[in-house]
Amino acid sequence: MKDRMEDIQLQDVMGSQGTCTGVLHTDVVIIGNGPSGICLSYLLSGNWPYVNNHPHPNPFLERKLRENSDCSILQQDLQYLSEGLEGRSNNPVALLMDTLCHPNADLGMDEPSCLQWNHHPARNIPHVVLGRGPPGGAWQDMDGSMLTLSLGNWMELPQMDFRQWAQHHRSERKRTCMRCGQTHCISLTRSQHGGVNCARQDRAYISDVAQYYSDYVKHMGLEKNFLVGSTVTSVRRLVVDCAFINQESGEQEASCQLHRPECCRKNMWEVRGVLQADDLQQPFCYHAPHVVMATGTTDIPNRLDFKGDNDNDVVVHDLREIEKAIANKELDEHSDPVMVVGAGLTAADAILCLRSRKIPIVHVFRRDVKDQGLIFKTLPDGLYPEYHTVYQMMKSKDGYPGYKSYPRHEILEMRAGRKCVLKGPVRRCLIGRMIDCPEKVVHVSKVLVLIGARPNLSFLGNNGMDLAVDSTKQVSCKKNPIDVDPYTFESARAQGLYAVGPLVGDNFVRFVKGGPLGIASHLVKTMMDSDATMM
């Protein structure tokens, strides 16, 4: 195995007309450059976690950790270490990594990490990280004035404390805060904001998180592994023929369709895509025995099925479309209301944004306000005051100035003249009969549908459905994730193909470090012989 991957020089393998004239070889291709992809790149670059001298508060885990304290966590039995752990993730390795990095976090404790990281240059596993935009993935596309749901220190990656970084590198750019409606420096503490409940010092602004991930790649020397501006178009398994008959001797000899002796393995994948370089698009092709999908799940917004849903001038699925309309003076406080559809945090963020700009709102959602499944019921009001403000508005029967909620309603039709027809809940009358609620017609300027999203796995056959837990349905981070081994994150359906992060149900950065740990551990154990792995 090479000690390090050679720098990627696409011009060496691309023809002058933008056609692929060669193949790039590496051991691991990571699709997606968000937190999961960044963390995995850090581990594959020879950075291994070891238990430090801080005792873990869980006595059972502490005893296990001390049994092989000289060995890296990567080299140990992750199933044994994670056995019996409980928490907010269904992934045992994610729970293990979380409790090692942030012991007793669910109890509100801020205890030191139980890990130290040692760099072993000779243990570098050659890899490439592919991503359309800068390192950070979807975080680079979000509204920077929004606050993260998780605490700031939960957003950090190994060996780079987020709070220390923020003290020195927080952006001093001014922008309008969607929570208080005032223009100020986004790094101000709560007491300096225009609104009492505008911000919390223990939560982070998304712009800071995005910059942190970009800086992390530079600070850790990972840039050589990242190919920014790349879009993957195809991932397929190769058929490797490792034997042919020598025409002179008549003997069967080892061979490979890839013309590379070290590729004569049981498994090989081909990853094709396009690199956007200025105004030019150049195709690329990688061959690797291991492919990791770390794409996240925000690519394709979920849509409602109602008549008129295809009216792109009225029905939109991205808050940025509304912000664009406001910037173009198409929407203001005198406009017909914007209808926000959905009862999740994304919808709540949109409501906060619109109210800060005094845009009238009609809020439509299918659930009852007392539904225990609403996300607002799981959030402490002291830490998330802005979301509880939205929840109070949702529950109000009289409404708020510029806001009206329609719980247990759904859209039936979008008619000409921007008339939206709503259907309410079925009700029981005095004689016991069930009657339909009369239809309501609401004049709107825009309809903003925010009911979740799903990953774009178009580079896989059948959009990746064959890899899901239920192969008859679309991949969904909440209801139908990719089916993987819980300790190695290797696909249960395809050898050498892995998935991490939201694709396997881990939607919070706090827990996405578990996937890279499981994959790196599996690769270390399978790609290096036992003498090389024991240090």
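Data block above holds the structure.
Numbering of residues starts from 1 in every chain and runs along the sequence as written. pLDDT decides what is reported in this predicted model: residues at 70 or higher carry local features, side-chain atom pairs at 80 or more are listed and counted, and totals for whole chains, interfaces and linings draw on all residues regardless. No hydrogens and no water enter the side-chain calculation; it runs on all heavy atoms of the structure.

Chemist: Help me out: how do you make sense of the overall build of the chain in this one?
Modeler: By definition, any uninterrupted DSSP run of H or I lasting at least four residues is a helix, any uninterrupted run of E lasting at least two residues is a strand, and each is numbered from the N terminus. In terms of regular secondary structure, the chain is built from twelve helices and 29 strands. Sequence-distant contacts, at least 24 apart, represent 67% of the contacts inside the chain between residues at least 6 apart. Computed with a 1.4 Å probe, the accessible areas rest on the Shrake-Rupley method; for each residue, only the protein chains presented here act as cover. For the chain, the computed accessible surface area is about 25,800 Å², with 46% contributed by carbon and sulfur atoms. Only heavy atoms matter for contacts: two residues are in contact if any of them lie within 4.5 Å across the pair.

Chemist: Honestly, the sheet that holds strand β26 (residues 440-443) in this entry has me stumped. Any pointers?
Modeler: Hydrogen bonds between backbone atoms are what pair the strands of a sheet, whose relative direction is either parallel or antiparallel. DSSP bridges decide pairing: two strands pair if at least two such bridges lie between them. What the three strands build is an open sheet, ordered β22-β23-β26; its pairing is antiparallel. The sheet terminates laterally at β22 (410-415) and β26, the two strands that pair on one side only. Strand-to-strand twist across the sheet, computed as the mean angle between neighbouring axes with direction ignored, equals 30°. Inspection of the sheet shows β22 paired to strand β23 (residues 419-423) by five bridges, in the antiparallel sense. Opposite Met414, over in β23, you have Cys420 as the bridge partner. To obtain an axis, a line is fitted to C-alpha atoms, over the contacting stretch when the element is a helix, and the angle between two such axes runs from 0 to 180 degrees between their N-to-C directions.

Chemist: Just to check I follow, could you spell out the packing of helix α5 (residues 162-169) against helix α6 (residues 206-219) for this structure?
Modeler: Geometrically, a packed helix pair is captured by the angle between its two axes and the distance between the axes. Remark: α5 packs on α6, axes separated minimally by 11 Å, with the N-to-C direction vectors making an angle of 100°. In this view, α5 runs roughly perpendicular relative to α6, as classed from their interaxial angle. Across from Phe162, Trp165 and His169 in α5, the residues of α6 making contact are Asp208, Val209, Gln211, Tyr212 and Asp215. Here the contact of α5 with α6 is built from residues that sort into four nonpolar, two polar and two charged. Any angle from 65 to 115 degrees is called roughly perpendicular, while one under 35 is roughly parallel, one over 145 is roughly antiparallel, and all others are oblique. Asp, Glu, Lys and Arg are counted as charged, while Ala, Val, Leu, Ile, Met, Phe, Trp, Tyr, Cys and Pro are counted as nonpolar; the rest, among them Gly, fall into the polar class.

Chemist: Would you mind showing me how to read the sheet that holds strand β16 (residues 290-293) here?
Modeler: The sheet built from five strands is open, its strands ordered β10-β5-β2-β16-β29 with parallel pairing. Edge strands, defined here as strands with exactly one partner in the open sheet, are β10 (226-228) and β29 (497-499). Between one strand axis and the next, the sheet turns through 20° on average, direction left out of account. Where strand β2 (residues 28-31) and β16 come together, four bridges link them in parallel fashion. The residue of β16 that forms the bridge with Val28 is His290. Its contacts with the sheet put helix α1 (residues 35-44) on β2, β5 (127-131), β10 and β16, and the angle it makes with β2 is roughly 160°.

Chemist: Would you explain the packing of aromatic side chains in this entry?
Modeler: Pairing of aromatic side chains here covers Phe, Tyr and the six-membered ring of Trp, requires ring centres within 6.5 Å, and sorts the geometry by plane angle: under 30 degrees stacked, over 60 edge-to-face, intermediate tilted. Scanning the entire structure with this criterion turns up ten aromatic pairs. Aromatic pair Phe162 and Tyr212: ring centres 5.2 Å apart, planes at 70°, arrangement edge-to-face. Residue Phe162 is located in helix α5, and its partner Tyr212 is located in helix α6; the two are separated by 50 residues in the primary sequence. The rings of Tyr42, Trp117, Phe162, Trp165, Tyr212, Tyr213 and Tyr216 are connected pair by pair, giving a single aromatic cluster.

Chemist: Which parts of the structure should I look at to understand unusual backbone geometry?
Modeler: Backbone phi values are negative for most residues with the exception of glycine, while trans is the configuration of most peptide bonds. In this structure, Lys358 takes a positive phi of about 65° despite not being glycine. Its location among the elements puts Lys358 in the loop between α8 (345-356) and β20 (361-365). Residue class for Lys358 comes out exposed when judged on its relative accessible area of 59%. Positive phi outside glycine occurs at Asn462, with the angle close to 60°. Taking the relative accessible area as the measure of exposure, Asn462 reaches 43% and is therefore partly exposed. Exposed residues in this analysis have more than 50% of their type's maximum accessible area, buried residues have under 20%, and partly exposed residues fall in between, with area computed by a 1.4 Å probe over protein chains only.

Chemist: Just to check I follow, could you spell out the packing of helix α7 (residues 319-327) against α8 for this structure?
Modeler: Direction vectors running N to C along α7 and α8 enclose 10°, while the axes themselves pass 11 Å from each other. Here α7 is positioned roughly parallel relative to α8, judged by the angle of their axes. Contact residues: Leu319, Ile322, Glu323 and Ile326 in α7; Ala350, Cys353 and Leu354 in α8. When grouped by side-chain class, the residues that make up the contact of α7 with α8 number six nonpolar, no polar and one charged.

Chemist: I tried to follow the nonpolar core on my own but got confused; where do I start?
Modeler: One broad trend across soluble globular proteins is that nonpolar side chains are buried collectively. The definition of a nonpolar core used throughout is a set of buried Ala, Val, Leu, Ile, Met, Phe, Trp, Tyr and Cys residues joined through side-chain atoms within 4.5 Å. Formed by 90 residues in total, the largest nonpolar core has its most connected members in Val29, Leu130, Tyr213, Val235, Tyr286 and Ile482. Val340, Leu345, Leu374 and Tyr384 belong to the second-largest nonpolar core, a separate cluster that totals 34 residues.

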